Amino acid sequence: MTPNIDAVAQAPATRSKSRWAISLALGSVLFLLIVLSSTLLPVLIAGAHPPAGYHAATGLVQALLVPVALALALRLVGWRLGDIGLTHRNWRSDVPIGLVVAVVFAIIQFALIIPATGGATRSDVAVNSAQIGHSLAGVAAFVLLAWTGSLTEELFFRGHFLSTLEMLLGGGHRATAASVVATTLLFAALHGYQGVAGVIDTGLYGGLGLTLLYLWRGRRLTAGIVAHAGWNTLATIGIYLWY
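Trainee: Just to check I follow, could you spell out unusual backbone geometry for this structure?
Mentor: Most peptide bonds take the trans form, and the phi angle of most residues other than glycine is negative. Of note in the backbone geometry, Asn90 takes a positive phi value of approximately 60° without being a glycine. Of note, Asn90 is situated in the loop between helix H2 (54-75) and helix H3 (91-116). Asn90 sits in the partly exposed class, given a relative accessible area of 39%. A positive phi angle, close to 60°, is found at Arg219, a residue other than glycine. Positionally, Arg219 belongs in the loop between helix H7 (195-216) and helix H8 (222-242). Looking at Arg219, the relative accessible area reads 5%, which means it is buried.

This is the structure we're talking about:
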């Protein structure tokens, strides 16, 4: 019988710590391998300037492989993807909350933060603008990546990494707090290609903000996926139109 996702943080570790450690490590390694290979292979094959649509292909590959990889890692501790929050339960309330979070954050970013911190010269804006390009095909590909990438990142960071690390640390409030910090730092660090501004923004919103949203919504991933994908979509359109 699988554990209740609303009580993961308080549940005792029913498996040995070695099982939790192996599940955490296996899921992390497989996630990184899938992301890196799906991102770098098109560039290695097509050269420095792959076609705009390669972002869409990258996202689709990740969306197909990451859930399978994480499901395999979770089997070591007797969990399924539903136990880390991949569920349709309460989606009618979670989806609007995710959309509101994304829209509010986008307004704050484009109206205040981005103009006040360099605009087009900001490291993350410059990087994303170059990735999107100057065509609608590039925008469409990046929007698709926004949704597929958000699904896989939420599954890994909020679902697998946070939850298995909590159980490895023994569960309880201290384990949750430590896991939130670790998840935030890892999420920010893996977006280091966006420069300092991108790491800070990504760490605060995509790292800390979405992790707290996950916990607030009863460890369901729906609100976080929508908030993550919604912001990425609005950011893509905004950068294309204004920067």
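Trainee: Just to check I follow, could you spell out the confidence of the model for the protein chain for this structure?
Mentor: Note that predicted coordinates carrying low pLDDT should not be read in detail. Residue-level pLDDT values for the protein chain average 89, and 90% of them are 70 or greater. When mean pLDDT is taken per element in the protein chain, H8 scores highest with 96 and helix H4 (residues 123-132) scores lowest with 87. Long-range and interchain partners of residues 9-13, a stretch whose pLDDT sits below 50, account for 13 contacts in this model, where long-range means more than four residues apart.

Trainee: How should I be thinking about the nonpolar core in this particular structure?
Mentor: The nonpolar side chains of soluble globular proteins are, as a tendency, buried together. Counting residues in each nonpolar core, the largest one holds 24 residues, and the members touching the most others are Leu70, Trp79, Leu81, Ile84, Leu155 and Phe156. Taken together, the elements giving at least two residues each to this core come down to helix H1 (17-46), H2, helix H5 (136-168) and helix H6 (173-189). Ranked by residue count, the leading element in this core is H5, at seven residues. Phe110, Ile114, Val139 and Tyr205 belong to the second-largest nonpolar core, a separate cluster that totals 18 residues.

Trainee: I tried to follow the packing of aromatic side chains on my own but got confused; where do I start?
Mentor: For any pair of aromatic rings, the description rests on two quantities: the centre-to-centre distance and the angle between the ring planes. Going through the model one piece at a time under the given rule, you end up with 11 aromatic pairs. Here the aromatic rings of Phe105 and Tyr205 are separated by 3.9 Å at their centres, their planes lie at 10°, and the arrangement is stacked. Taken as a pair, Phe105 in helix H3 and Tyr205 in helix H7 lie far apart in primary sequence, 100 residues in all. The pair formed by Phe105 and Tyr205 is uniform in burial state, with each residue classed as buried. Relative to Trp231, the ring of Phe105 lies with its centre 4.9 Å away and its plane at 85°, an arrangement referred to as edge-to-face. Of this pair, Phe105 sits in helix H3 while Trp231 sits in helix H8, and the two are 126 residues apart along the sequence. One exposure class covers both Phe105 and Trp231, and it is buried. In textbook terms, an aromatic cluster arises when at least three aromatic residues are bridged by ring pairs, as seen for Phe31, Phe156, Phe157, Phe161 and Phe187.

Trainee: Please clarify how the pattern of salt bridges should be interpreted in this entry.
Mentor: Two side chains that carry opposite charge are able to pair once their charged atoms sit near each other. Per the stated rule, a full pass over the model turns up six salt bridges. Residue Arg217 is joined to Asp94 by a salt bridge in which the shortest nitrogen-to-oxygen separation is 2.7 Å. Of the two residues, Arg217 sits in the loop between H7 and H8 while Asp94 sits in helix H3, which places them 123 residues apart along the sequence. Per residue, the accessibility class of Arg217 equals that of Asp94, and both read buried. Here the salt bridges do not stand alone but share partners, grouping Asp94, Arg217 and Arg220 into one network.

Trainee: Which parts of the structure should I look at to understand the packing of H5 against H7?
Mentor: The geometry of H5 relative to H7 is characterised by a closest axis approach of 11 Å and an angle of 70° between their N-to-C directions. Considering the angle they form, H5 stands roughly perpendicular to H7. Regarding H5 and H7, the two cross each other, and that crossing is right-handed. Residue-level inspection shows Glu154, Arg158, Gly159, Leu162 and Ser163 of H5 in contact with H7, the latter providing Gly206, Gly207, Leu210, Thr211, Tyr214 and Leu215. Of the residues that constitute the contact of H5 with H7, the class distribution is four nonpolar, five polar and two charged.

Trainee: I would appreciate a short explanation of H6 in the present structure.
Mentor: Between the first and last C-alpha of H6 there are 24 Å, a value that for 17 residues agrees with the 24 Å anticipated at 1.5 Å per step. Residues of H6 that are buried: Ala175, Thr176, Ser179, Val180, Thr183, Thr184, Phe187 and Ala188. On its buried face, H6 is in contact with H5, H7 and H8.

Here is what the cut-offs are and how they apply
Residues numbered from 1 in each chain as written. Predicted model: local features only at pLDDT ≥ 70, side-chain atom pairs only at ≥ 80, totals over all residues. Heavy atoms only, no water. Helix = DSSP H or I, 4+ residues; strand = E, 2+ residues; numbered from the N terminus. Buried < 20%, exposed > 50% of the residue type's maximum accessible area, 1.4 Å probe, protein only. pLDDT = per-residue confidence, 0-100. Contact = heavy atoms within 4.5 Å. Core = buried A, V, L, I, M, F, W, Y, C linked by side-chain atoms within 4.5 Å. Phe/Tyr/Trp six-rings, centres within 6.5 Å; stacked < 30°, edge-to-face > 60°. Salt bridge = Lys/Arg side-chain N within 4 Å of Asp/Glu carboxyl O. Axes fitted to C-alpha atoms, helices over the stretch in contact; angles between N-to-C directions. Parallel < 35°, antiparallel > 145°, perpendicular 65-115°, else oblique. Left-handed = near helix turned anticlockwise from the far one by under 90°. Nonpolar A, V, L, I, M, F, W, Y, C, P; charged D, E, K, R; others polar. Expected span 1.5 Å × (residues − 1).

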